[in-house]
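Architecture and fold: a report
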Amino acid sequence: WGTRELCEAIAKRCKDFNGIEVDPEKEVVVTCGSTEAMMSSILAVVDKDDEVIIFEPFYENYWPDTVIAGGKPVFIELKQPTFKVDEEELKRVFSRKVKAVIINNPNNPSGKVFSQQDLKLIRDLCLDYDALVISDEVYDNLIYDGAKHVSIASLPGMYERSLTINSISKTYNATGWRVGWVVGCSELIDAVKKVHDFLTVGAAHPLQKAAEKALSLPRSYYNWLVSEYSRRRDIMLKILDEAGFRYYKPDAAYYVLADITGYGFDDDFKFSEYLVREVGVAVVPGSSFYYGGKGSNLVRFQFARHVDTLLEAGRRLTKLRKLRQP
Ligand SMILES: Cc1ncc(COP(=O)(O)O)c(C=O)c1O
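Here the structure is a predicted model, which means the values were calculated and not measured.

Each value, and the rule that gives it
- Every chain is numbered independently, its residues counted from 1 as its sequence is written.
- This being a predicted model, a pLDDT of at least 70 is required before a residue's local features are given, and a value of 80 or more before pairs of side-chain atoms are given or counted; all residues contribute to the totals for chains, interfaces and linings.
- The basis for the side-chain values is all heavy atoms of the structure; hydrogens and waters are excluded.
- Each reported salt bridge corresponds to a side-chain nitrogen of Lys or Arg within 4 Å of a carboxyl oxygen of Asp or Glu.
- The helix count covers DSSP runs of H or I at least four residues long, the strand count covers runs of E at least two residues long, and both are numbered beginning at the N terminus.
- Throughout this description, buried means an accessible area under 20% of the type-specific maximum (1.4 Å probe, protein chains only), exposed means over 50%, and partly exposed covers the range between.
- The rule is short: rings of Phe, Tyr and Trp, with Trp giving its six-membered ring, pair when the centres are within 6.5 Å, and they are stacked under 30 degrees, edge-to-face over 60, tilted in between.
- Charge over a ring is defined by NZ of Lys or CZ of Arg lying within 6 Å of the ring centre and within 35 degrees of the ring normal.
- We call a residue near a molecule or strand whenever a single non-hydrogen atom of that residue lies within 4 Å of it.
- Counted as a polar contact is a pair of N or O atoms within 3.5 Å, where, for protein atoms, one must be capable of donating a hydrogen and the other of accepting one, and residues adjacent in sequence contribute only when both atoms are in side chains.
- Note on areas: these come from Shrake-Rupley sampling with a 1.4 Å probe, and a residue is covered only by the protein chains present in the view.
- Three residue categories are used. Nonpolar comprises Ala, Val, Leu, Ile, Met, Phe, Trp, Tyr, Cys and Pro, charged comprises Asp, Glu, Lys and Arg, and polar comprises the others, including Gly.
- Every axis in this analysis is a line fitted to C-alpha atoms, fitted for helices over the stretch in contact. Angles between the N-to-C directions lie between 0 and 180 degrees.
- Every angle not falling under 35 degrees, over 145, or within 65 to 115 is termed oblique; those three ranges are roughly parallel, roughly antiparallel and roughly perpendicular.
- Contacts were defined at the residue level, with two residues in contact if any of their heavy atoms lie within 4.5 Å.
- For the purposes of this analysis, a disulfide is any pair of cysteine sulfur atoms at a distance within 2.5 Å.

Here the focus is the pattern of salt bridges. Following the criterion strictly, the structure yields 27 salt bridges and no others. With a closest N to O distance of 2.7 Å, D16 and K12 form a salt bridge. Here D16 and its partner K12 are both found in helix α1 (residues 4–18), four residues apart, which amounts to about one turn of the helix. You can call K12 exposed: its relative accessible area is 53%. For D234, the salt bridge is made with R233, and the minimal N-O distance between the two is 3.5 Å. The exposure class assigned to D234 is partly exposed, which follows from its relative accessible area of 41%. Judged by its relative accessible area of 2%, R233 falls in the buried class. Taken together, the shared-partner salt bridges in this structure form one network comprising D145, R233, D234 and K249.

Here it is as structure tokens:
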């Protein structure tokens, strides 16, 4: 289920950064990235026709993962501009049919960090309706301006009903190395282990050794990381200001959702294609993070790039200013 040393390092990380006490022997599964962690977790706990609540905008995998497991996705929109959880709407969709709620905290693509209020609301409903939470926290260390990330599993009553997912991809810049993990109470983790064993057997041993090394980095590494990404975020926001975009300032992660209204395009795909072909900048169309065509007024920029690359993108994007209607 992972090398002993890596499981111990993960348990320490959970304690230091997520406020959760994890038994490294019984409550950790090392996976091939958080992608496998999410798939294994959903397959482990979701049965045919179980409902799974997914907040929009969502990281693309959650919807197909749920469908592959035979579950029924139930989408709830985090409304722009605050991306706050809508209490009434969440209460309206909750029922005994809900097996799990997927949260992505901090969120890709919005950069939202779930507030204590959001988390408590989700916790109370999960307790009332006996539902689980699968929490994808791959951006837990990329937080700006003093925003605070709280793992839902650290809230009273939630450890027993949460699977918390993370990986080395984002915090340690090793997306291609495919090492991630799931932690949770032993009953849930036993179920995840059964799926994981048949899906991938295990993450490559040499890369688990590398992950051990990554997790032993000192605090100064994390401080450096946040200051570097804050710098890139500020450069990105300035570029978007200069190109005339309205956008949602991210509190975390390395994406910015920008509004394309006013540039004269019918939808986000046409706008994105124009950007690639005529401007030389790639973005992701906003509707790919929503169900049923919502989000077509948005595109997602990504700023995990060298500063020179961002500045060059900025120069190219000035072309857009002439398209912008007031
Ligand atoms: C929210 C979120 N979860 C999971 C992943 C996948 O990460 P991994 O490389 O750990 O599989 C990504 C990658 O973009 C992501 O943004």
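Now, onward.
Okay, the packing of aromatic side chains next. The full count for this structure, using the stated rule, is 24 aromatic pairs. Ring centres of Y221 and W224 lie 5.9 Å apart, and the angle between their planes is 35 degrees; on these two criteria the pair is classed as tilted. Of this pair, Y221 and W224 both sit in helix α8 (residues 219–242), separated by three residues, roughly a single helical turn. Using a relative accessible area of 46% as the deciding quantity, one classes W224 as partly exposed. An aromatic cluster is built from F245, Y263, F265, F271, Y274 and F301, whose rings are joined through pairwise contacts. For K112, the ring lying beneath its charged end belongs to F114, and the centroid distance is 4.8 Å.

Our next topic: unusual backbone geometry. In this chain, E56 is followed by P57 through a cis amide linkage whose omega measures 0 degrees. With respect to the helices and strands, the residue P57 is situated in the loop between β2 (51–56) and α3 (62–68). Omega for the bond connecting N105 with P106 falls within 30 degrees of zero, at -5 degrees, which places this linkage in the cis form. Of note, R178 is a non-glycine position whose phi angle comes to about 60 degrees, a positive value. Looking at where R178 falls in the secondary structure, it is placed in the loop between β6 (162–167) and β7 (180–183). Given the relative accessible area of 32%, R178 is considered partly exposed. Here V201, not a glycine, exhibits a phi torsion of approximately 65 degrees, which is positive. With respect to the helices, strands and loops of the structure, V201 is situated in the loop between α6 (186–199) and α7 (205–215).

Once that is clear, we can look at the site of the ligand. Around the ligand, a shell composed of 15 residues is seen, among which T35, D136, Y139, S169 and K170 lie nearest. T35 is positioned such that a nitrogen or oxygen atom in its side chain is 2.6 Å from an oxygen atom of the ligand. N108 is positioned with one of its side-chain polar atoms (N or O) 2.8 Å from an oxygen atom of the ligand. Burial of the ligand by the surrounding chains reaches 92%, relative to a free accessible area of 400 Å². The element that contributes the greatest number of residues to the shell around the ligand is helix α2 (residues 33–45), accounting for three residues. Across the shell around the ligand, the residue classes break down as five nonpolar, seven polar and three charged.

Between α8 and helix α10 (residues 307–317), whose axes approach to 10 Å, the crossing angle comes to 5 degrees. Judged by the inter-axis angle, α8 sits roughly parallel to α10. Residues R231, R232, I235, M236 and I239 of α8 form the contact with α10, whose participating residues are V307, L310, L311, G314 and L317. Taken together, the residues that form the contact of α8 with α10 break down as seven nonpolar, one polar and two charged.

Let us now look at the state of the cysteines. Taken as a whole, this structure holds zero disulfides when the rule is applied. No disulfide involves C7; its sulfur sits 10 Å from that of C14, the nearest cysteine. Here C7 falls in the buried class, since its relative accessible area comes to 4%.

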